[in-house]
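Read off the chains here:
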Amino acid sequence: MWRLRRAAVACEVCQSLVKHSSGIKGSLPLQKLHLVSRSIYHSHHPTLKLQRPQFRTSFQQFSSLTNLPLRKLKLSPIKYGYQPRRNFWPARLAARLLKLRYLILGSAVGGGYTAKKTFDQWKDMIPDLSDYKWIVPDIVWEIDEYIDLGHKLVSEVIEASDLLLLLGSPGETAFRATEPGSESDKRYRKGLLGELILLQQQIQEHEEEARRAAGQYSTSYTQQKRKVSDKEKIDQLQEELLHTQLKYQRILERLEKENKELRKLVLQKDDKGIHHRKLKKSLIDMYSEVLDVLSDYDASYNTQDHLPRVVVVGDQSAGKTSVLEMIAQARIFPRGSGEMMTRSPVKVTLSEGPHHVALFKDSSREFDLTKEEDLAALRHEIELRMRKNVKEGCTVSPETISLNVKGPGLQRMVLVDLPGVINTVTSGMAPDTKETIFSISKAYMQNPNAIILCIQDGSVDAERSIVTDLVSQMDPHGRRTIFVLTKVDLAEKNVASPSRIQQIIEGKLFPMKALGYFAVVTGKGNSSESIEAIRDYEEEFFQNSKLLKTSMLKAHQVTTRNLSLAVSDCFWKMVRESVEQQADSFKATRFNLETEWKNNYPRLRELDRNELFEKAKNEILDEVISLSQVTPKHWEEILQQSLWERVSTHVIENIYLPAAQTMNSGTFNTTVDIKLKQWTDKQLPNKAVEVAWETLQEEFSRFMTEPKGKEHDDIFDKLKEAVKEESIKRHKWNDFAEDSLRVIQHNALEDRSISDKQQWDAAIYFMEEALQARLKDTENALENMVGPDWKKRWLYWKTRTQEQCVHNETKNELEKMLKCNEEHPAYLASDEITTVRKNLESRGVEVDPSLIKDTWHQVYRRHFLKTALNHCNLCRRGFYYYQRHFVDSELECNDVVLFWRIQRMLAITANTLRQQLTNTEVRRLEKNVKEVLEDFAEDSEKKVKLLTGKRVQLAEDLKKVREIQEKLDAFIEALHQEK
């Protein structure tokens, strides 16, 4: 009962709409009204049920002028219950007798009062929705200019669900994904909507009259001089039709502008949390994420990416970029005069948002597309990324740049801008540039679900087109191709025969086929033009164009706005038809990968490259921490030993041997003090720091490369080695360490006081070890010089060379001279060299003086070291004389004191270096390792290079396929919810 009353009230509103609507004379049949008109006039009629419109396969209907096509209304049949006729003649007789009609009239009056009371109660139950008036555009509230309802019933019955349709662009079709809850039976309100409906009807009436007149004119054209007024009538009808279409277009654009502002306002309020609800990720963003993951996935199992994209192809400088910018409503791409600017594919994801912004997939920076400085920065960033993708020696790159563009009123789709097709390779280009561009274009177009947006320059001869032949090869039947003719304004001025443009738009000039043909104007060729200026120029051109006035072009085939609507519709249709099939193919791929992993690595977790890197990072940091667990004793032992190995040669050769050649102890000590001072000031601190740094490296390497038993994973070896080398390269010892060491070492070497016998014995032991090591090295060098002795010659069947024989004879002669004078100085006099040479010549051995000197050096060195060792044994009991400063004693052990000073300096230096290591340098090295690991974590190429192998690649593929499948499933679920 309540529904019947509501329907009755709604019908009263509809009657008032019909009576007071401007431009309507008489009543209109319900079946002839547009779908939106019927939703306004009889949306509450109880017997009216609107059917969901079917998808239009004809591409000629993708137009802003035909977005509201006439559809046949399906009325639900009214079933009347069968009432058997009964003969109640006594009742009829009584009714006549008692005048029952007066009783019925009274009942009607009572029923009317009851209905009014019920209506008032129902009216009071309606919630106050005045807070939601901001949702409705201002044009709807200007109701008095168009319709006078006489009461406030409409303002009280407006519901939030009824206004959802107003939030959508008037060009949206069945393939445009909207928020859940939008239905085909939503009702438009008053104002411009009613006028649009009337204009739509007038356009259809004019079109029908024009077709009838054109038919009459064509039949009578063969009869010469028949009725000239028919042609004038046709021209008049065409003018009226064009005028009505332009008026319709302007009103539609005004409504679209209102809706764009309304969308922006709604999204801004949602961002501020006014409705306190969590916004879901948009459908196009979910789809774009799937494509981004697919672009990074290496299909080693022949899993081809057949998800739809809008692939934009065209000849170089044909206007591809300009068309994309008009669709994105921003000048976002770099441009140049005649030169190649698009050097790598650019994937642009268009979606709706409250602000017109752009951001890259791998960056969080948002570029405000309403500000010129942000637009310039965005164009510069795109150009830099393109040049970075292009490898050395190449001109173009197949690597894709992913860009997201959001803004109110944007048609949601994914487009890929490809480098322009060229015919000739010019200077400065790589020789294979042409073939590379063709291969990139074919790789994107061979996707059977890709929508090919073929861009053709209308200002050049059609015979010069290259891209049309390429597109016809990829899509010979034209089932997924949209042809776009750019620069139509220049074509109209330059082309001698305008019918040639008509042939192109009708698909009769090129051999390729397409779903639809469009003609657009993308500006006057000035790069500083704004999108608004280009759009106004395009609209003005087509309003005055002869091509449109003479019906060579149809209204739905012009403007980039109609093009974007058509492309968006086709894109979403292709997505719905193919996405589930792609999801099934990835399910099969995932099953194959999981089976292979179980067969090859049954006891290992499926760790991808990033997870393996984190595991290796923890192991490396644990090993660095182990450096702090090394005992001080171990540090000092290895430091002292390493430092002595580094400086022992200098101590023996440059300090001890020259000082030992002096005649008395005073001269010996003076020489030692001078040479130690020079050594400490120039070389010793630096040598000590080098030894400490090398020791730290060796210990660090030992911890890094030491096998961990069964838990050792050789997959990390390359990574650990790279981290070790990079950390060592970055580490630098503290600059003040040498200065502090110099003071400590100088003080240690100046101390000559040996406090006890234990220290004296330790110095003698240290001296013996050093001298014995030098003696052994000297004997080895002398043996190599003179060859094997008689024992080795007899036992091992070795012989001497001629040179070794000469050295042996020289050595024997020099040893005889030393036996005669055991206190011989370290250098031979010239007369001694002559004597040795003549003695050898007398035995038939020809020698050179330099050979005598070299042999003497080794012979005397061995003699000196043996003498020093004998003297060291004598000094074992010399501590008593040392305490008395060798008074009344012929024994002098100044060389023992020297070695004690060196030994004490080594111990103090090792202790100082150990403190620097444990307190400072180990921590700095740990910090360097962390920095290196952080840098490696951000460098994907470095991780791919250092973590390799079948196991890593299999885990990577498995992770990618799972991620793709999960995102596809989520996208499909959201897509089904919006159906």
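Residues numbered from 1 in each chain as written. Predicted model: local features only at pLDDT ≥ 70, side-chain atom pairs only at ≥ 80, totals over all residues. Heavy atoms only, no water.

- Per an unreviewed UniProt entry, the protein goes by the name Dynamin-like GTPase OPA1, mitochondrial and belongs to Catagonus wagneri.
- UniProt, in its Subunit (unreviewed entry) section for the protein, records the words "Oligomeric complex consisting of membrane-bound and soluble forms of OPA1. Interacts with RCC1L; RCC1L acts as a guanine nucleotide exchange factor (GEF) for OPA1 by exchanging bound GDP for free GTP. Interacts with CHCHD3 and IMMT; these interactions occur preferentially with soluble OPA1 forms. Interacts with PRELID1." (UniProt positions renumbered as here; feature names shortened; annotations may be inferred.)

Comments concerning the pattern of salt bridges
Then, in step 1: Under the defined criterion, the tally for this structure stands at 41 salt bridges.
Then, in step 2: With a shortest N-O distance of 2.7 Å, Glu 606 and Arg 962 are connected by a salt bridge. On the criterion of sequence distance, the pair formed by Glu 606 in the loop between helix H18 (560-600) and helix H19 (609-627) and Arg 962 in helix H33 (residues 950-978) is long-range, its members being 356 residues apart.
Then, in step 3: Residue classification places Arg 962 among the partly exposed residues on the basis of a relative accessible area of 24%.
Then, in step 4: A salt bridge links Arg 914 to Glu 636, with the shortest nitrogen-to-oxygen separation between them at 3.3 Å. Note that Arg 914 is positioned in helix H31 (residues 894-938) and Glu 636 in helix H20 (residues 632-660), a separation of 278 residues in sequence. (Salt bridge = Lys/Arg side-chain N within 4 Å of Asp/Glu carboxyl O. Helix = DSSP H or I, 4+ residues; strand = E, 2+ residues; numbered from the N terminus. Buried < 20%, exposed > 50% of the residue type's maximum accessible area, 1.4 Å probe, protein only.)

As for unusual backbone geometry
Then, in step 1: Located in the positive-phi region is Gln 329, a residue other than glycine, with phi close to 60°.
Then, in step 2: Not every positive phi belongs to a glycine, and Lys 487 is a case in point at roughly 55°.
Then, in step 3: Structurally, Lys 487 can be placed in the loop between strand S8 (481-486) and helix H14 (488-494).
Then, in step 4: Under the relative-accessibility criterion, Lys 487 is labelled partly exposed at 24%.

Considerations on the packing of helix H23 (residues 717-730) against H31
Then, in step 1: Running from amino to carboxyl end, H23 crosses H31 at an angle of 125°, the nearest separation of the two axes being 9 Å. Judged on the interaxial angle alone, H31 and H23 are oblique. With respect to the hand of their crossing, H23 and H31 are arranged in right-handed fashion. On H31, the residues touching Leu 719, Ala 722, Val 723, Glu 726, Ser 727 and Arg 730 of H23 are Leu 925, Asn 928, Val 929, Glu 931, Val 932, Leu 933, Asp 935 and Phe 936.
Then, in step 2: For the contact of H23 with H31, a count of residues per class yields eight nonpolar, two polar and four charged. (Axes fitted to C-alpha atoms, helices over the stretch in contact; angles between N-to-C directions. Parallel < 35°, antiparallel > 145°, perpendicular 65-115°, else oblique. Left-handed = near helix turned anticlockwise from the far one by under 90°. Contact = heavy atoms within 4.5 Å. Nonpolar A, V, L, I, M, F, W, Y, C, P; charged D, E, K, R; others polar.)

With respect to the packing of aromatic side chains
Then, in step 1: Scanning all chains against the criterion turns up 13 aromatic pairs.
Then, in step 2: Their ring planes at 45° and their centres at 5.1 Å tell us that Tyr 287 and Phe 971 sit as a pair that is tilted. With Tyr 287 in helix H9 (residues 283-296) and Phe 971 in helix H33, this residue pair connects regions lying 684 residues apart in the sequence. You'll find Tyr 287 and Phe 971 in the same group, each marked buried. (Phe/Tyr/Trp six-rings, centres within 6.5 Å; stacked < 30°, edge-to-face > 60°.)

Brief notes about the confidence of the model for the protein
Then, in step 1: Scored by pLDDT, the protein comes out at a mean of 75, with 70% of its residues at no less than 70.
Then, in step 2: Of all helices and strands in the protein, the one with the weakest mean pLDDT is helix H2 (residues 35-41) (35), whereas strand S1 (residues 310-314) scores best (92).
Then, in step 3: Predicted confidence for residues 129-192 stays below pLDDT 50, and this span has 123 contacts to residues more than four positions away or in other chains. (pLDDT = per-residue confidence, 0-100.)

Structural notes on the side chain of Glu 768
Then, in step 1: For Glu 768, the location among the structural elements is in helix H25 (residues 757-786).
Then, in step 2: One polar contact links Glu 768 to Arg 876, side chain to side chain, over a distance of 2.2 Å.
Then, in step 3: Apart from the residues within four sequence positions on either side, Glu 768 is in contact with Leu 869, Cys 872, Asn 873 and Arg 876. (Polar contact = N/O pair within 3.5 Å; in protein donor to acceptor, adjacent residues only side chain to side chain.)

Description of the pairing of strand S9 (residues 516-519)
Then, in step 1: Taking every second residue as pointing to the same face, both faces of S9 are buried, with Gly 516 and Phe 518 on one and Tyr 517 and Ala 519 on the other.
Then, in step 2: Across four bridges, S8 lies against S9 in parallel orientation. When the sheet's bridge partners are listed, Val 484 is paired in S9 with Phe 518. (Pairing = 2+ DSSP bridges.)

Let's talk about the side chain of Asn 928
Then, in step 1: Mapped onto the secondary structure, Asn 928 falls in helix H31.
Then, in step 2: Among all residues touching Asn 928, those that are not within four sequence positions of it are Ser 727, Arg 730 and His 731.

Considerations on the pairing of S8
Then, in step 1: Taken across its six residues, S8 has six buried, putting it largely inside the fold.
Then, in step 2: The two faces of S8 match: Thr 481, Phe 483 and Leu 485 on one face and Ile 482, Val 484 and Thr 486 on the other face are all buried.
Then, in step 3: Looking at chain direction, strand S7 (residues 451-457) and S8 are connected through six bridges and run parallel. Across the sheet, residue Ile 452 finds its bridge partner in S8, namely Thr 481.
Then, in step 4: In terms of handedness, the path from S7 via helix H13 (residues 467-474) over to S8 forms a crossover that is right-handed. (Right-handed = clockwise from strand over helix to strand, strands pointing away.)

Re the sheet that holds strand S2 (residues 346-351)
Then, in step 1: Pairing within the open sheet is mixed, and its nine strands lie in the order S4-S3-S5-S2-S6-S1-S7-S8-S9. The open sheet has two edge strands, strand S4 (367-368) and S9, and neither has a second partner.
Then, in step 2: Strand direction decides the pairing type here: strand S3 (residues 357-360) and strand S5 (residues 401-406), joined by four bridges, are antiparallel. Paired with Leu 359 across the strands is Asn 404, a residue of S5.

A word on the environment of Leu 375
Then, in step 1: Among the secondary structure elements, Leu 375 is positioned in helix H11 (residues 372-389).
Then, in step 2: For Leu 375, a relative accessible area of 7% puts it in the buried group.

Comments concerning the packing of H19 against H33
Then, in step 1: Between H19 and H33, the least distance of the axes is 8 Å, while the angle of their chain directions is 125°. When the interaxial angle is binned, H19 and H33 end up oblique. Side by side, H19 and H33 meet where Arg 609, Asn 610 and Leu 612 of the first sit next to Arg 951, Val 952, Gln 953, Glu 956 and Lys 959 of the second.
Then, in step 2: Considered class by class, the residues forming the contact of H19 with H33 number two nonpolar, two polar and four charged.

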